[in-house]
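Tertiary structure, described
Here is how the chains run, residue by residue.
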Amino acid sequence: MISVNEFTEKLEAEFEDLQKGTLTPDTDYRTINGWSSMHALIVIAFVDSNFDILLTGIDLKSTITINDLYNLIQQKK
Amino acid sequence: MPLLKAYIKHISYHLPDKIFSNDDFFSIFPDSKKNLDTFKKIGIKKRHIVADGELASDLAVKSAQKLFNKYSIDSNLIDFVLFCAQEFDYYTPTTACVIHERLKLPKNCGALDFNLGCSGYPYGLSIAKGLIEGVGVKNVLLLTASTLTRKVHPKDRSLRFLFGDAACATLISSRENDGIHNFVFGTDGAGAEKIIIKDGGARNNIESSSHDEIIDDFGNITSRAHMDMNGVSVFSFSVKTAPALVNELLVKNDKQLEDIDLFIFHQANLFIIEAIRKKINIPEHKVFNYIELVGNTVSSSIPIALYEAIKSGRAKKGDTILLAGFGVGLSWSGTIITL
C-alpha cells in the first residue's frame, strides 16, 4: 500500500482545477473549491481504479479528511 | 419457410428546438465556472429542451414521422407500436394508442406503453424480438422518448447540466439472420429512491409541501415534485453493474470481449462510461459515445448513439454491437446485436 502522502498527491492530480500542493492528508476534502457531486465521483473512480475498491456514498460520509479516506481503504483491503 | 429473426432495420431521432448550452448553464450558475475542467469530464456541451406543452408523445410522433419519411416506410406495415417513456399523455388510455392514431397506423396493430428510463431501449428490443420470433409480428415500431428536463428543478445544477430531451424511433423487422441475440435483465428495487420523482404519482399526491426545496450534500436543490437523483449512489451502482452486465452478456451469447466490434453504453455521462470502460479493459476505439450535443437523453441515449455510430461509419452492416442500459428503477438490461 502506498504512503498517505503519495495517496494524497495522486488524488490531487485527479482534480485538474487544483494547484499542486493544495491538498494534504489533513485536508477536509469537501473543502476542495467548488466541491460537487462530480468531485465525489472523481474520488470514487480514483479509489476504484487504483485499489479495486468501490466506495459508496455512505463510505464517503464516514470520512472527513484525506487521511480518513486512506485509512478506510486500508481497512477494506 | 425458415423462421424469421428480429433485427434493427432503421433508426431516426428527433430533438426539440430549444437549446440549453454550457454558456447558458454557466450564466445561471456562474460559481460553477471555477470547476470548468471538472465539468469537461462529463462530456456535454449542449442539450435540447422541450417547450411548455411539448410532450414525450409529441417528440415520439415526430421521430416516427422522420423515420417513415427518410426510409420511405409504409406505415400500414407496422403491426406493433411500443412506447417507452416516463411521461404519458393521460392516466388512461395507453399513450401508444393515442400515438397509433396520430401516426395513422393500421387497425391490426398492437400498441403498448412501458415506463422505463435508461434501461428502456434494450428492454424494448427484447419485447420486439419476442413479438417477432414468438408471436409472428412482422414490423415493430419502438419509440423511446424523454422530456425529463421538465421535471428537473431549476436550481438543480447537477441535473440541469446532465439531461437533454429527445425521442427516437426504431423499426425492428424480420430476416433470416439473427439480428438481436440474447438478453440480460436486472432489477434492484431497493434502489428505487435513488432516482425518483416522489410526488405527483398515485402513491403521493402533490401537496403544498411537494415544492419545498430539498438541498443535498453537494448543494443541489430539488423538491419532492422534481427529479431527485443520488448521483454518488448511481455512479457506484453503474460502475458495479455495467461490467457485470457486459460479462454476463458475453457468456450468454457465447462471445469473448474481442468478438464485439463496438460497445454502446447508456450515455449517462462520459466520466461514468470511461470508468466502466477501464474496469472491463475495453480498448478506447471500441466504445462509441454520442453525448456532447444532446446530453443524457435517458431511453433514447443508446439508439441515438447507435444511429450516429452507423452514420459516422463506426458501425457497419455485419458488425456485432453490445448495448447496455442501466439506471432508474434501479434497472439494467443489455443485448448483443448484429447489424
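The notes below deal with the structure included here. (Residues numbered from 1 in each chain as written. Chains lettered and ligands numbered in written order. Predicted model: local features only at pLDDT ≥ 70, side-chain atom pairs only at ≥ 80, totals over all residues. Heavy atoms only, no water.)

Some thoughts on the overall build of chain A
Quick note on the threshold: Secondary structure elements follow DSSP: runs of H or I no shorter than four residues count as helices, runs of E no shorter than two count as strands, and numbering proceeds from the N terminus. For this measure, only C-alpha atoms enter the radius of gyration; the expected value for a globule follows 2.2 Å times N^0.38, where N is the number of residues. Only protein chains enter the accessibility calculation, which uses a 1.4 Å probe. A residue is then buried if its area is under 20% of the maximum for its type, exposed if over 50%, and partly exposed in between. Only heavy atoms matter for contacts: two residues are in contact if any of them lie within 4.5 Å across the pair.
Within chain A one finds 4 helices and 0 strands. Secondary structure elements of chain A occur, N-terminal to C-terminal, as α-α-α-α. Here the C-alpha radius of gyration of chain A, 11 Å, is about what a compact globule of 77 residues would show, namely 11 Å. Dimensions along the principal axes, computed over C-alpha positions, put chain A at roughly 30 × 25 × 20 Å. Among the 77 residues that make up chain A, the fraction classed as buried is 48%. Of the contacts made within chain A by residues no fewer than 6 positions apart, 56% connect residues no fewer than 24 positions apart.

Side note on the overall build of chain B
We count it as follows: In this tally, Asp and Glu contribute negative charge and Lys and Arg positive charge; neither His nor the terminal groups of the chain are included. Where a charge sits is defined by one atom per residue type, namely NZ (Lys), CZ (Arg), CG (Asp) or CD (Glu).
A count of helices and strands for chain B gives 9 helices and 15 strands. Projecting the C-alpha coordinates of chain B onto the three principal axes gives extents of approximately 65 × 45 × 35 Å. Taken over 339 residues, chain B has a buried fraction of 58%. Within chain B, contacts between residues separated by at least 24 positions form 78% of all contacts whose residues are at least 6 apart in sequence. Mean positive and mean negative side-chain charge positions of chain B (39 and 38 charges, respectively) differ by 3 Å.

Topic: a negative patch on the surface
Note the threshold: Patches in this entry comprise residues that are over 30% relatively accessible and not in a salt bridge; like charges within 9 Å are linked, as are nonpolar side chains (Val, Leu, Ile, Met, Phe, Trp, Tyr) within 5 Å. Working definition of accessibility: Shrake-Rupley area with a 1.4 Å probe, residue cover restricted to the visible protein chains. Definition used for salt bridges: Asp or Glu carboxyl oxygen within 4 Å of a side-chain nitrogen of Lys or Arg.
The grouping of B:Asp254, B:Glu258, B:Asp259 and B:Asp261 at the surface amounts to a negative patch. By secondary structure assignment, the location of B:Asp259 is in the loop between α7 (231–252) and β13 (262–265).

A look at the side chain of B:Ser63
Residues and elements named next belong to chain B. Put simply, the rule is: Polar contacts, as used here, are pairs of N or O atoms within 3.5 Å; protein pairs need one atom able to donate a hydrogen and one able to accept it. Residues neighboring in sequence count only if both atoms are side-chain atoms.
Along the polypeptide, Ser63 turns up in helix α3 (residues 56–70). Taking the relative accessible area as the measure of exposure, Ser63 reaches 0% and is therefore buried. Looking at Ser63, its side chain comes within polar contact range of the main-chain oxygen of Ala60, at 2.8 Å.

Remarks on the pattern of salt bridges
Residues and elements named next belong to chain B. For the structure shown, the criterion picks out 19 salt bridges over all chains. Its salt-bridge partner being Lys40, residue Asp37 comes within 3.7 Å of it at the nearest N-O pair. In this pair, Asp37 and Lys40 both sit in helix α2 (residues 36–40), 3 residues apart, roughly one turn of the helix. Across the salt bridge formed by Arg150 and Glu87, the nearest N and O atoms sit 2.8 Å from each other. Placement of Arg150 in the loop between β6 (140–146) and α6 (157–162) and of Glu87 in the loop between β4 (80–84) and α4 (95–102) is noted, with a sequence separation of 63 residues between them. Judged by relative accessible area, which is 19%, Glu87 ranks as buried.

Remarks on the pairing of strand β14 (residues 320–327) of chain B
Residues and elements named next belong to chain B. How we decide: Whether two strands pair depends on DSSP finding at least two bridges between them.
The element β14 is largely enclosed, with a buried count of 8 among its 8 residues. The pairing of β13 with β14 spans 4 bridges and is classified as parallel. Paired with Phe265 across the bridge in β14 is Ala324. Across 8 bridges, the pairing between β14 and strand β15 (residues 331–338) is antiparallel. The residue bridging Gly325 from the neighbouring strand is Ser333, located in β15. Here β14 folds back onto β15, and the loop between the two strands holds 3 residues, one of which, Gly329, carries a positive phi near 150°.

Here we look at the sheet that holds β13(B)
All names here are of chain B. To keep things clear, this is the line we draw: Structural elements are reduced to axes, namely lines fitted to C-alpha atoms, with helices fitted over the stretch in contact, and the angle between N-to-C directions of any two is expressed from 0 to 180 degrees.
One open sheet accounts for 4 strands, arranged β8-β15-β14-β13; its pairing is mixed. Taken across any chain shown, the strands that pair with only one partner, and hence form the sheet edges, are β8 (180–187) and β13. Mean inter-strand twist for the sheet, computed between neighbouring axes without regard to direction, equals 10°.

Structural notes on the nonpolar core
Keep this limit in mind: In this description, a nonpolar core means a group of buried Ala, Val, Leu, Ile, Met, Phe, Trp, Tyr and Cys residues linked to one another through side-chain atoms lying within 4.5 Å.
Counting 77 residues, the largest nonpolar core has A:Phe7, B:Phe235, B:Phe263, B:Phe265 and B:Leu322 as the members making the most contacts within it. Residues within four places of B:Leu322 in sequence aside, it is in contact with B:Val246, B:Leu249, B:Leu250, B:Ile260, B:Leu262, B:Phe263, B:Ile264, B:Thr335 and B:Ile336. Residues B:Phe114, B:Leu116, B:Cys168 and B:Leu323 belong to the second largest nonpolar core, which totals 39 residues.

Brief notes about the sheet that holds strand β7 (residues 166–175) of chain B
In sheet architecture, strand pairing relies on hydrogen bonds along the backbone and comes in two forms, parallel and antiparallel. Residue and element names in this part refer to chain B. The strand order across the open sheet formed by 5 strands is β1-β7-β6-β4-β5, and the pairing between neighbours is mixed. At either margin of the open sheet sits one strand with a lone partner, and together these are β1 (5–14) and β5 (110–114). The mean angle between the axes of side-by-side strands here comes to 20°, regardless of whether they run parallel or antiparallel. Of the strand pairs in this sheet, β4 and β5 are connected by 5 bridges, and their pairing is parallel. Bridge assignment links Val81 to a residue of β5, and that residue is Ala111. Each of β1, β4, β6 and β7 is contacted by α3, which is oriented at about 110° to β1, the strand it contacts most. Strands β1, β6 and β7 of the sheet are contacted by helix α9 (residues 301–312), whose axis makes an angle of about 95° with β1.

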